[in-house]
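Structure assessment
Residues per chain are reported as follows:
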Amino acid sequence: MKFMKLGSKPDAFQTDGNDARYVLSDLPSDIIIHVDDARFFLHKFPLLSKSSLLQRLIIEASQNGTDEVVIQDIPGGVKTFEICAKFCYGMVVTLNAYNVVAVRCAAEYLGMTEDVEKSNLIFKMEVFLNSGIFRSWKDSIIALQTTDALLPWSEELKLVGRCIDSIATKATANPSNVMWSYTYNRKSASSDEIVEARKSSQAVPKDWWVEDLCELDVDLYRRVMVAVKSRGRIPSDVVGEALKAYAARWLPECCDTLVDDVYSESYKHLLETIVWLLPSDKGSSGIPCRFFLQLLKITVLIGAGELLKEELMDRIVLQLHKASVNDLLIPSKPPAQTIYDIQLVQTLIGRYMRHAGVAEDGIFLNNLDQEMFETNVDNESLVALCKLVDRYLAEVASDPNLSVSSFVDLATSMPESARTAHDGLYTAIDIFLKLHPGLPKTEKRKVCSLMDVKKLSKGACIHAAQNDRLPLRVVVQVLFFEQLRAAGAASAVATAGPNGSVARCMARLEEEEDDEDGGWKESRALPEPPTPGALRKQLGSLKLAAADQGGDDGRRLVARSSSVANQSSRLSLSSRSRRIFDKLWVGGGGGKVPGEAAVGGKGSSDTSGSSQSPRSSAKPLESKSSSASSRNRRYSVS
């Protein structure tokens, strides 16, 4: 820190503890000066030789027959007047960045100009400011901070503007020319480097000045940033870094503080300043979406106004796919009953789609509206946003006040083509059903109809097959498509017509559930799963060919290949899922796996109460003519 010493005489000012200050001298004091609550017992001659104001006041006091003078509203108060008085006596005083502005304003107030005496206090202050304070980075910032308490003097003497100009000039300097001290403690600075090596080799970062400005008052910070931006040398990402650092310094992390009315106005003013200082290019990638969402969260909590909210939302939608789930967890305000503001997130998603020119079916449109921004939205961005929406759904699904309609609307806000896998959606559905156990079956089916079991991974299918919260029809679909996936490892699977045994079984299960619900029919029917009719024909031909060759090995080979997938899929099934599995593969009527007993008819319904495998629970059919049996023989595979 720069400093300057004035005077040569030792400091002879004393105090008696009762706000009375006097000078140790053989001469008695002949003037008493009242400054605020303090009294200074001084001598007229040193004061008259330096201050034009004191000359006038002392002469007026003498004419009135008194030796007391009152000084009111001197900049800096008692401490600053004492420094000026010591200067008049020639005593040693030390000036630095903390008191130079106050002394300069007080010297102006007292009229300590060159007209009164050469090399007076104002002259010396100006020399120190220009040669010391304004040449130092940190001293300029400290001096600027002190100007706020010295208004309007500091403004009229242009000390505020000179400090700001000094700071802006240094902040926009080429980093390679920065030789002064600055603060840089952020995570981007490597902490494991040797200090000596870093001092000699590490280049000065572009945002080296950001942290030091965070100590400024919001109004002074705004003026400094305007001056910095007006020079046109600072890129948008550095401006964004500066605003992020300032927001982190002054905005609270705890949401409870934001609802306090005492601080709401100051936070609102701070938010307005930060948003006003944002780069004019809304599509600038230098400022992350997370920062905008943090500002939006605070804006919502303190009710900063719709204009501020709209400005932030316009910036967020341009890079919403880069956000995280925690960033989207914006607490809701009454009268909303949900924990988080789900409607706000859904609005952001809808704006993202409109600005990107994407229809509900995922098709890119041209000239959707005149206000559409130019964005670099591609399929990867849509997929990333869809995954984000699914994770957000899983997070808010635990809210007991979340309605089915809100859940469905948020899940369907993304085009189906963007959801390449349904594991994340299944997780959200499972959590929603778990935290809403009292849902009617109609609403459960409505929620589950959002999910396409064909887009579930194998692990998700195994979990869904044992999930008692899912409707029976969904579990049947999961079991069947997982069975097809397992069978596809041995041979190709072709889609059969609607008369397959599995399709008939699924229809029967649906009718049983509909009867329990009073004849309810789904408004949005789930897709009918394919049946492996072609595969059955292929395996049947394979068995006949093996039989013609007269080998028992051929029959055993066909039986082994037809049951391997069935066995692998049933290893980890729960009792409920196994009963469904039995109904699916035994109740189809006439279905028969080589090497197993034929099953069919009404006897298959008995398996619904058993957890046995189809082999043990099947009932033999009544004997019929051998010709009819051979004609009607069908081969079913797992």
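Residues numbered from 1 in each chain as written. Predicted model: local features only at pLDDT ≥ 70, side-chain atom pairs only at ≥ 80, totals over all residues. Heavy atoms only, no water.

With an unreviewed UniProt entry as reference, the protein is termed BTB/POZ domain-containing protein NPY1, source organism Urochloa decumbens. One UniProt comment on the protein, placed under Sequence similarities (unreviewed entry), says "Belongs to the NPH3 family." (UniProt positions renumbered as here; feature names shortened; annotations may be inferred.)

In this section: unusual backbone geometry. Of all residues except glycine, most have a negative phi; of all peptide bonds, most are trans. Backbone torsion omega between Leu 151 and Pro 152 reads 5°, so that peptide bond is classified as cis. Note that Pro 152 resides in the loop between α6 (137–146) and α7 (153–156). Phi angles above zero are rare outside glycine, and Asp 36 is one such case at about 55°. Position of Asp 36 relative to the elements: it lies in the loop between β4 (31–35) and β5 (38–42). Here Asp 73, not a glycine, exhibits a phi torsion of approximately 60°, which is positive. Summarising the element assignment, Asp 73 is placed in the loop between β6 (68–71) and α3 (77–89). Here Asp 73 falls in the exposed class, since its relative accessible area comes to 65%. (Helix = DSSP H or I, 4+ residues; strand = E, 2+ residues; numbered from the N terminus. Buried < 20%, exposed > 50% of the residue type's maximum accessible area, 1.4 Å probe, protein only.)

With that settled, consider the packing of helix α8 (residues 159–171) against helix α11 (residues 218–230). Where α8 contacts α11, the axes come no closer than 9 Å and their chain directions differ by 50°. It follows from the interaxial angle that α8 and α11 lie oblique. Viewed along their axes, α8 and α11 form a crossing whose handedness is right-handed. Note on element contacts: α11 touches α8 through Leu 220, Arg 223, Val 224, Ala 227 and Val 228, opposite Val 160, Ile 164, Ile 167, Ala 168 and Ala 171. (Axes fitted to C-alpha atoms, helices over the stretch in contact; angles between N-to-C directions. Parallel < 35°, antiparallel > 145°, perpendicular 65-115°, else oblique. Left-handed = near helix turned anticlockwise from the far one by under 90°. Contact = heavy atoms within 4.5 Å.)

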